[in-house]
2 protein chains.
Amino acid sequence: MSLPLPSETIFHVIESTIKEYRKFAQKNISKKVKDITIDQSMVLIFLNEHPELTQKEIAKLVFRDNASLTRMLNTMVKKKYLKRSVDNKDRRRYNIEITAKGKDILDTLPPIIHQNRNSSLKGITKNEQKQLEIILNKIKTNCLKT
Amino acid sequence: MSLPLPSETIFHVIESTIKEYRKFAQKNISKKVKDITIDQSMVLIFLNEHPELTQKEIAKLVFRDNASLTRMLNTMVKKKYLKRSVDNKDRRRYNIEITAKGKDILDTLPPIIHQNRNSSLKGITKNEQKQLEIILNKIKTNCLKT
DNA sequence: GTAATATAATTGACATATCAATTATATTTG
DNA sequence: CAAATATAATTGATATGTCAATTATATTAC
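In short, a report on the structure. Source: prediction; values computed, not measured. (Residues numbered from 1 in each chain as written. Chains lettered and ligands numbered in written order. Predicted model: local features only at pLDDT ≥ 70, side-chain atom pairs only at ≥ 80, totals over all residues. Heavy atoms only, no water.)

### Here's the deal with the protein's contact with DNA strand C
Okay, so step 1: The local shell around DNA strand C holds 23 residues, among which R64, S68 and R71 of chain A together with Q55 and T70 of chain B are the closest.
Okay, so step 2: Each atom of DNA strand C within 4 Å of the protein was assigned to sugar, phosphate or base; sugar and phosphate come to 66%.
Okay, so step 3: Taking S68 of chain A, its side chain carries an N or O atom lying 2.3 Å from a phosphate oxygen of DNA strand C.
Okay, so step 4: A distance of 2.5 Å is found between a phosphate oxygen of DNA strand C and a side-chain nitrogen or oxygen belonging to T70 of chain B.
Okay, so step 5: When residues of the surface near DNA strand C are traced back to their parent elements, those giving at least two are α4 (66–78) of chain A together with α3 (55–61) and α4 (66–78) of chain B.
Okay, so step 6: Here the residues of the surface near DNA strand C are counted per class, giving 4 nonpolar, 7 polar and 12 charged. (Near = heavy atom within 4 Å. Polar contact = N/O pair within 3.5 Å; in protein donor to acceptor, adjacent residues only side chain to side chain. Helix = DSSP H or I, 4+ residues; strand = E, 2+ residues; numbered from the N terminus. Nonpolar A, V, L, I, M, F, W, Y, C, P; charged D, E, K, R; others polar.)

Dropping the structure here:
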């Protein structure tokens, strides 16, 4: 009746799965685009779709805290994927702009991402994906409730 | 027919779930034990059960790379949870020993961990957990194959 | 048995993670 | 409208993540 080891729990399975997916996705992105991380790619994609996002909102979308996002954006500005300028309507905020270099990457990414998602979900039915989502959301809700 | 945003994918659900679980678990641990992280707790638990583990093996169990584990162990030695000494049978390795302070923590943790796992899995049947595991393992296998 | 190779762990360099404190600006309230 | 409060983002401190290079020791092959 002793507690199962962390490695014997469902949480270990969840964590190892997402980590393997990230490694897999990063590897495939790196083959075509040097010098960008998955998270930086996601930031580009979100900003492209929703240019008006605040840093706080982006942080939430990529599961980072604000401090972390500030530093990520600093890196991305240094690498010339982004430009930042103070928002004149609310001077606490920044307008974030994707540079030509950033746009280039955005053109290259979609087929890679599509392929990543497809091949990692190969053999998994729509219904299974639905099930997966339902069960995971239950766990998440439980964690948020207490 | 454009690519769904990262936030609309199953990977986002997986990642957000494990992050919420980690936050939840960390919060509950911190209430009782100051100054230890989930990962440090896991290292303690694994070492307690399998004292002969090499750093490389521990790293794998907690999904870190060797460099990262070296630094984690340094912190844990500095905080007096662990002691390290060179292994005389293989002088490239270390024997890692849990101190009295580490043992204390190991006594405190199990009920907290038990509670964390239970309440986050509340309302989820054994069968659902099985399903979850099967589907996630398929994804993981796909990522490792290619 | 020595040279070549393999393995365990560390280190350096840099990016990210996270908390708490701080700065700068906006909004609310008395 | 001035003081109090709230919000967006940054900064400092410290830990971790990751890659590539390095150190130290073991193992293998000639």
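### A look at the packing of aromatic side chains
Remark: the centre distance and the inter-plane angle together describe each pair of aromatic rings, the angle taken between the planes.
Okay, so step 1: What the rule picks out here adds up to 2 aromatic pairs over all chains.
Okay, so step 2: Ring plane angle 5° and centroid distance 3.8 Å describe the contact between F11 of chain A and Y21 of chain B, whose orientation is recorded as stacked. Of this pair, F11 of chain A sits in helix α1 (residues 10–32) while Y21 of chain B sits in helix α1 (residues 10–32), placing the two residues on different chains.
Okay, so step 3: Under the relative-accessibility criterion, F11 of chain A is labelled buried at 6%.
Okay, so step 4: Over the aromatic face of Y94 of chain A sits the side chain of R84 of chain A, whose NZ or CZ is 5.3 Å from the ring centroid. (Phe/Tyr/Trp six-rings, centres within 6.5 Å; stacked < 30°, edge-to-face > 60°. Buried < 20%, exposed > 50% of the residue type's maximum accessible area, 1.4 Å probe, protein only. Lys NZ or Arg CZ within 6 Å of the ring centre and 35° of its normal.)

### Structural notes on the pattern of salt bridges
Okay, so step 1: Within the structure shown, the criterion is met by 16 salt bridges over all chains.
Okay, so step 2: In this structure, E15 of chain A engages R22 of chain B in a salt bridge whose closest nitrogen and oxygen atoms are separated by 3.2 Å. Highlighted residues: E15 of chain A in helix α1 and R22 of chain B in helix α1, drawn from two different chains.
Okay, so step 3: Exposure remark for E15 of chain A: the relative accessible area of 9% places this residue in the buried category.
Okay, so step 4: A relative accessible area of 19% places R22 of chain B in the buried class.
Okay, so step 5: For D90 of chain B, the salt bridge goes to R92 of chain B, with nearest N and O atoms at 2.9 Å.
Okay, so step 6: The class of D90 of chain B is buried, set by a relative accessible area of 17%.
Okay, so step 7: It is possible to trace a salt-bridge network through shared partners that takes in E15 of chain A together with R22, D39 and R64 of chain B. (Salt bridge = Lys/Arg side-chain N within 4 Å of Asp/Glu carboxyl O.)

### Quick notes on the protein's contact with DNA strand D
Okay, so step 1: Taken together, 23 residues are adjacent to DNA strand D, and Q55 and T70 of chain A together with R64, S68 and R71 of chain B come closest.
Okay, so step 2: Within 4 Å of the protein, the atoms of DNA strand D are drawn from sugar and phosphate moieties in a proportion of 64%.
Okay, so step 3: At a separation of 2.4 Å, a phosphate oxygen of DNA strand D approaches a polar side-chain atom of R64 of chain B.
Okay, so step 4: Taken together, the elements giving at least two residues each to the surface near DNA strand D come down to α3 (55–61) and α4 of chain A together with α4 of chain B.
Okay, so step 5: A total of 6 residues in the surface near DNA strand D trace back to one element, the largest contributor, which is α4 of chain B.
Okay, so step 6: The residue inventory of the surface near DNA strand D, partitioned by class, reads 4 nonpolar, 7 polar and 12 charged.

### Thoughts on the interface of chain A and chain B
Okay, so step 1: Taken together, the 54 residues of chain A in the interface contact 54 residues of chain B.
Okay, so step 2: Counting each side, the surface lost to burial between chain A and chain B is near 5,500 Å², with a carbon and sulfur contribution of 74%.
Okay, so step 3: Three residues stand out in chain A for area buried against chain B, namely F11, F63 and R117 of chain A, and they jointly supply 12% of the buried area on that side.
Okay, so step 4: Summed over the shared surface of chain A and chain B, the number is 4 salt bridges.
Okay, so step 5: Counting every contact that joins chain A to chain B gives 12 residue pairs in polar contact (both at pLDDT 80 or more).
Okay, so step 6: In terms of residue count, α1 of chain A provides more of the side of chain A that touches chain B than any other element does, 15 residues in total.
Okay, so step 7: For the side of chain A that touches chain B, the per-class residue count stands at 26 nonpolar, 15 polar and 13 charged. (Contact = heavy atoms within 4.5 Å. Buried area = accessible area lost by both parts, 1.4 Å probe.)

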